[in-house]
Amino acid sequence: MTDKDNEHLALKGPRFMLAPMEGISDVAFRHWCHLHGAEVTFTEMARVDALLRGNRATWQRLMRDSTPTILQVLASRPKDLDALLRGLPDRFDGINLNLGCPGPEIVRSGQGCAMIKRISRVQELVQVIKRNGYEASIKMRLGLNAYEKERKAYLHLIDAVDAEFFVIHARHGRQSSAQPADWSVFPELVATGKRIIANGDISEPLHLQQLAGVAGVMIGRAAVHDPCVFARLRGKECDADLDEYLALAKTYKTPRAYVDRVTRHASTGVMQG
Ligand SMILES: Cc1cc2nc3c(=O)[nH]c(=O)nc-3n(C[C@H](O)[C@H](O)[C@H](O)COP(=O)(O)O)c2cc1C
């Protein structure tokens, strides 16, 4: 299979995306994955309130280089998001709203997975992003829990919200990454006519054939195991050397904990989230 054979995945735009991963996908890791076939990458999630408070560690997450990079934010107040976007020192290749984080504290504050039902608020945030001159995208799960998944809350949101694309992590918020992603939802999602990016357990060219009609795929843990997953999905040969990453991590002063995590999982197989 070659890049051309994969053209059924999308008519336009990047199709092979590196997932946002807190504690892993800093500028060095994103650059490394881009070298091996990721067409676009996402920053780990940045909390808008922490950025506005001037939290230094959170601002460091916003460092970028020439790698195509979308900034992922955890936001719920349009006014705060607007203030952040106006004050950003660097331009990004888009802004992504995190509607997938299932952390109890985040959900209690009405953010992350809890936003899937707050459709008009999500639409307001999307409008703020657009007014600031960015492409807006959404990353979401299939609901906060099994009940919301059954009620297909995610379809209502996709229908109503005017985002460029929707990354669907095919699990609900109560499912751990040890439980298999449910790809059976994709035909219905594709039928909405919106640009759908599939996410969850994707790692092999064969998987792409089971995801017919999606506009692209997003890869997380399999890229930590081996960034060549992108090249291989695109039908290309690839050999990634961990030393490449270590050199980038040195250049960008990647925190030790990030380097340790990547190094550990690069050799031990696909990580559990
Ligand atoms: C260590 C780790 C950190 C993550 N951090 C984020 C994050 O900051 N934002 C987000 O939307 N998803 C985050 N995720 C979820 C991934 O983006 C992705 O949706 C999930 O891992 C499923 O994709 P995969 O099976 O290809 O790994 C994280 C996952 C892992 C394993």
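Keep in mind that this is a model prediction, so the values were computed, not measured.

Rules behind the numbers
Residues numbered from 1 in each chain as written. Predicted model: local features only at pLDDT ≥ 70, side-chain atom pairs only at ≥ 80, totals over all residues. Helix = DSSP H or I, 4+ residues; strand = E, 2+ residues; numbered from the N terminus. Rg over C-alpha atoms; globule rule 2.2 N^0.38 Å. Buried ≥ 20, exposed ≤ 12 C-beta atoms within 10 Å, placed from the backbone. Contact = placed C-beta atoms within 7 Å. Core = buried A, V, L, I, M, F, W, Y, C linked by C-beta atoms within 7 Å. Axes fitted to C-alpha atoms, helices over the stretch in contact; angles between N-to-C directions. Parallel < 35°, antiparallel > 145°, perpendicular 65-115°, else oblique. Left-handed = near helix turned anticlockwise from the far one by under 90°. Nonpolar A, V, L, I, M, F, W, Y, C, P; charged D, E, K, R; others polar. Arc of directions from axis to C-beta. Pairing = 2+ DSSP bridges. Right-handed = clockwise from strand over helix to strand, strands pointing away.

## Examining the overall build of the protein chain
And step 1. Counting its regular elements, the protein chain contains 14 helices and nine strands.
And step 2. The C-alpha atoms of the protein chain give a radius of gyration of 17 Å, which matches the 19 Å a tight globule of 273 residues would have.
And step 3. Along the three orthogonal principal directions, the C-alpha set of the protein chain runs to about 45 × 45 × 35 Å.
And step 4. For the protein chain, with 273 residues in total, the buried portion stands at 44%.
And step 5. Sequence-distant contacts in the protein chain: of pairs separated by 6 or more residues, those separated by 24 or more amount to 70%.

## A look at the environment of arginine 121
And step 1. Assignment of secondary structure puts arginine 121 in helix H6 (residues 119-131).
And step 2. Measuring from C-alpha to C-alpha, the distance between arginine 121 and aspartate 239 comes to 44 Å, with 118 residues separating the pair along the chain.
And step 3. If near-sequence neighbours (up to four positions away) are discounted, arginine 121 is found in contact with Ser76 and Met115.

## Focus on the nonpolar core
And step 1. Val73, Phe166, Ile168, Ile197, Val217, Ile219 and Phe230 are the most contacted members of the largest nonpolar core, which totals 76 residues.
And step 2. Once you skip the residues sitting within four places of it in the chain, phenylalanine 166 turns out to touch Ile138, Met140, Ile158, Lys194, Arg195, Ile196 and Ile197.

## Concerning unusual backbone geometry
Peptide bonds are, in most cases, trans, and in most cases residues other than glycine have a negative phi.
And step 1. The phi dihedral of aspartate 201 is positive, around 70 degrees, even though this residue is not glycine.
And step 2. Note that aspartate 201 resides in the loop between strand S8 (196-199) and helix H10 (205-209).
And step 3. Not every positive phi belongs to a glycine, and lysine 253 is a case in point at roughly 55 degrees.
And step 4. Mapped onto the fold, lysine 253 is located in the loop between helix H13 (242-251) and helix H14 (256-268).

## Remarks on the packing of helix H1 (residues 27-35) against H13
And step 1. Orientation of H1 relative to H13, taken along the N-to-C sense of each, is 140 degrees, at an axis distance of 8 Å. One element, H1, and the other, H13, form an angle in the oblique class. Pair H1 / H13 crosses with right-handed handedness. Across from Ala28, Phe29, His31 and Trp32 in H1, the residues of H13 making contact are Glu244, Tyr245, Leu248 and Ala249.
And step 2. The residue makeup of the contact of H1 with H13, split by class, is six nonpolar, one polar and one charged.

## Topic: helix H8 (residues 153-160)
And step 1. Taken together, the buried positions of H8 are Tyr154, Leu157 and Ile158. One face of H8 carries all of its buried residues, which in axial projection span an arc of 95 degrees. Projecting away from the buried face of H8 at angles above 90 degrees are the exposed residues Asp159 and Ala160.
And step 2. Where H8 is buried, its residues touch H6, strand S6 (136-140), strand S7 (165-169) and helix H9 (186-190).

## A look at the packing of H6 against H8
And step 1. Direction vectors running N to C along H6 and H8 enclose 40 degrees, while the axes themselves pass 10 Å from each other. Relative to H8, H6 is oriented so that their crossing is right-handed. Residues Ile119, Val122 and Gln123 of H6 form the contact with H8, whose participating residues are His156, Leu157 and Ala160.

## Let's talk about the pairing of strand S4 (residues 69-74)
And step 1. S4 sits mainly inside the fold: six of its six residues count as buried.
And step 2. Neither face of S4 is left uncovered, since the one carrying Thr69, Leu71 and Val73 and the one carrying Ile70, Gln72 and Leu74 both have all their residues buried.
And step 3. Note: strand S2 (residues 40-42) against S4, two bridges, orientation parallel. What sits directly across from phenylalanine 42, in S4, is isoleucine 70.
And step 4. The pairing of S4 with strand S5 (residues 95-99) spans three bridges and is parallel. Paired with glutamine 72 across the strands is asparagine 96, a residue of S5.
And step 5. In the classification by handedness, the crossover that spans S4, the intervening helix H4 (residues 78-87) and the parallel S5 is right-handed.

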